[in-house]
Amino acid sequence: MNDHNTVMTVDRQQDTDWQALAAKAIQGEAITEAEALNVLQASDDELLAVMDAAFRIRKHYYGKKVKLNLIVNAKSGLCPEDCGYCSQSIVSSAPVTKYPLLEKEVLVEGAKRAMELQAGTYCIVASGRGPTKRELAEVTSAVQEIKETMPLKICACLGILTDEQSKQLKEAGVDRYNHNLNTSADHYAHITSTHTYEDRVHTVEQAKQAGISPCSGVIIGMGETDKQLVQAAIALRELDADSIPVNFLNAIPGTPLEKLSHLNPRKCLKALAMFRFVCPTKEIRASGGREVNLRSMQVLALYAANSIFISDYLTTEGQEAASDHAMIQDMGFEIETCAL
């Protein structure tokens, strides 16, 4: 019975006209759950055809431009949440550096580095359930100075927000707020217990209501099924997230998910393509774990994704900025230096 199902699945995938599916997405017709699942489960022999179709969509909306994003780990560790993937969580024994929120001057210097690396978006990320009054004041003060002196898009990621905090960030000049859904609604409790999926959706909605562009994505490889990953992509489409970071689990020793490492480069590329099909007009970002999971095939990610993080992540090292610049140039693509 299993062999028969496998044959039927392969036949169905090989019958898919990927270019027709791309045309459907470009025409504004929503890709169905079944069609998205076909992309994710395409045979490896179909990989280049899938990526070519995804590139057709990406090129239609974004040409060959690549958005670069630089992260500053504004506050490290010291987090009371129990997110199973995170080295900074209360349940992690990973040896990460711990420090309180960086001073305004350090945050501003980070923005200057973003400019030097040709990053159009500067991401201020702080661990914790949500910002304290003092932390919010420090971040908003830094954002005001950055916006007055540099042509950068500012993205903040500070945890769960109140309505008032969302308004303060908007008034300070924050362009975008990141709060990832991370996984599907029915898988969320397997990853975190100290807050809910609904808490995350609510924070994204609050940012939108305050007039801030919503950024929300996923982490692939946390034990979810293919169907659950597709459901997460569709949820992000319904949430109307403008920017979607697609992270790939970097199974850090000392975290509850340290033994999960079943991803391979081909699966990661199909996942990026699936997000491009489901959310054709949105910024799709090949994010954390890109180097570890895509390895020698990471250059192909840019045929579906139009955005990447440059340099290091929060507690893990990324590819050198010079290598990212060279990768983009070798592809004949160009860096979008101003994201405003």
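Here the structure is shown first, and the text comes after it.
Residues numbered from 1 in each chain as written. Predicted model: local features only at pLDDT ≥ 70, side-chain atom pairs only at ≥ 80, totals over all residues. Heavy atoms only, no water.

1. What to know about the overall build of the protein
Move 1: Within the protein, the regular secondary structure consists of twelve helices and ten strands.
Move 2: In summary, the protein has a C-alpha radius of gyration of 19 Å against a globular reference of 20 Å for 340 residues, a match within 12%.
Move 3: C-alpha atoms of the protein, sized along the principal axes, occupy 60 × 40 × 35 Å.
Move 4: Evaluated residue by residue, the protein yields a buried proportion of 58% over its 340 residues.
Move 5: Considering only contacts within the protein whose residues lie at least 6 apart along the sequence, 76% involve residues at least 24 apart.
Move 6: For the protein, the distance from the average site of its 34 positive side-chain charges to the average site of its 44 negative ones is 2 Å. (Helix = DSSP H or I, 4+ residues; strand = E, 2+ residues; numbered from the N terminus. Rg over C-alpha atoms; globule rule 2.2 N^0.38 Å. Buried < 20%, exposed > 50% of the residue type's maximum accessible area, 1.4 Å probe, protein only. Contact = heavy atoms within 4.5 Å. Lys, Arg positive; Asp, Glu negative; His and termini not counted. Charge placed at Lys NZ, Arg CZ, Asp CG, Glu CD.)

2. Examining empty space enclosed by the protein
Move 1: Throughout the structure, instances matching the rule amount to two cavities of 30 Å³ or more.
Move 2: Taken as a whole, the largest cavity holds about 910 Å³ of empty space.
Move 3: What lines the largest cavity is a set of 40 residues, among which Tyr85, Cys86, Asn180, Ile219 and Leu314 lie closest to the centre.
Move 4: Looking at the lining of the largest cavity, the elements that each hand over two or more residues are strand S2 (121-126), strand S3 (153-157) and strand S7 (243-248).
Move 5: Of the residues in the lining of the largest cavity, the class split is 20 nonpolar, 16 polar and four charged. (1 Å grid on protein atoms, 1.4 Å probe; cavity = no way out; pocket = protein on both sides within 12 Å on 5 of 7 lines; lining within 4 Å. Points joined across faces, edges and corners; volume = space filled by probe spheres on them. Nonpolar A, V, L, I, M, F, W, Y, C, P; charged D, E, K, R; others polar.)

3. Considerations on helix H7 (residues 163-172)
Move 1: Within H7 the residues assigned to the buried category are Gln165, Ser166, Leu169 and Ala172. Projected onto a plane normal to the axis of H7, the buried residues spread over an arc of 130° and lie on a single side.
Move 2: Residues of H7 that are buried make contact with helix H6 (133-149), strand S4 (176-178) and helix H8 (197-209). (Arc of directions from axis to C-beta.)

4. Notes on the environment of Phe277
Move 1: Counting through the fold element by element, Phe277 comes out in helix H10 (residues 265-278).
Move 2: You can call Phe277 buried: its relative accessible area is 1%.
Move 3: When the C-alpha atoms of Phe277 and Gln319 are compared, they prove to be 27 Å apart, with 42 residues separating the residues in sequence.
Move 4: Once residues lying within four places of it in the same chain are set aside, the contact partners of Phe277 are Trp18, Leu21, Ala22, Ala25, Ile31, Val39, Val50, Ala53, Ala54 and Ile57.

5. Focus: the packing of aromatic side chains
Geometrically, a pair of aromatic rings is defined through the distance of the ring centres and the angle of the planes.
Move 1: Considering all chains together, one arrives at five aromatic pairs under this definition.
Move 2: For the pair Tyr303 and Phe333, a centre-to-centre distance of 5.9 Å together with 75° between the ring planes defines the contact as edge-to-face. Highlighted residues: Tyr303 in the loop between helix H11 (290-294) and strand S9 (307-309) and Phe333 in the loop between helix H12 (321-330) and strand S10 (334-336), separated in sequence by 30 residues.
Move 3: Looking at Phe333, the relative accessible area reads 8%, which means it is buried.
Move 4: Both rings, one in Phe309 and one in Tyr313, keep their centres 6.1 Å apart while their planes meet at 80°; by these two values the pair is edge-to-face. Take Phe309 and Tyr313: they sit in the same class, and that class is buried.
Move 5: Feature note: the residues Phe55, Tyr303 and Phe333 constitute an aromatic cluster, connected by ring pairs. (Phe/Tyr/Trp six-rings, centres within 6.5 Å; stacked < 30°, edge-to-face > 60°.)

6. Focus on the packing of helix H3 (residues 33-40) against helix H9 (residues 226-239)
Two quantities define a packed helix pair, namely the angle between the axes and the distance from one axis to the other.
Move 1: At a minimum axis separation of 10 Å, H3 and H9 run at an interaxial angle of 120°. Relative to H9, H3 is oriented oblique. Once H3 is placed against H9, the crossing between them reads as right-handed. Residues Glu33, Ala36, Leu37 and Leu40 of H3 pack against Asp226, Lys227, Leu229, Val230, Gln231 and Ile234 of H9.
Move 2: Here the residues of the contact of H3 with H9 sort into six nonpolar, one polar and three charged. (Axes fitted to C-alpha atoms, helices over the stretch in contact; angles between N-to-C directions. Parallel < 35°, antiparallel > 145°, perpendicular 65-115°, else oblique. Left-handed = near helix turned anticlockwise from the far one by under 90°.)

7. Quick look at the layout of surface pockets
Move 1: In this structure, the largest pocket occupies an estimated 220 Å³ of space.
Move 2: Taken together, 16 residues line the largest pocket, and the ones lying closest to its centre are Val72, Asn73, Tyr99, Tyr313 and Leu314.
Move 3: With four residues, strand S1 (residues 65-75) is the largest single contributor of residues to the lining of the largest pocket.
Move 4: A class-by-class count of the residues in the lining of the largest pocket yields eight nonpolar, six polar and two charged.

8. Some thoughts on the pattern of salt bridges
Move 1: Enumeration according to the criterion identifies 18 salt bridges in this entry.
Move 2: For Lys24, the salt bridge identified is with Glu29, shortest N-O distance 3.9 Å.
Move 3: Among the salt bridges present, the one from Asp44 reaches Lys270, with a minimum N-O distance of 2.6 Å. Of this pair, Asp44 sits in the loop between H3 and helix H4 (47-62) while Lys270 sits in helix H10, and the two are 226 residues apart along the sequence. (Salt bridge = Lys/Arg side-chain N within 4 Å of Asp/Glu carboxyl O.)

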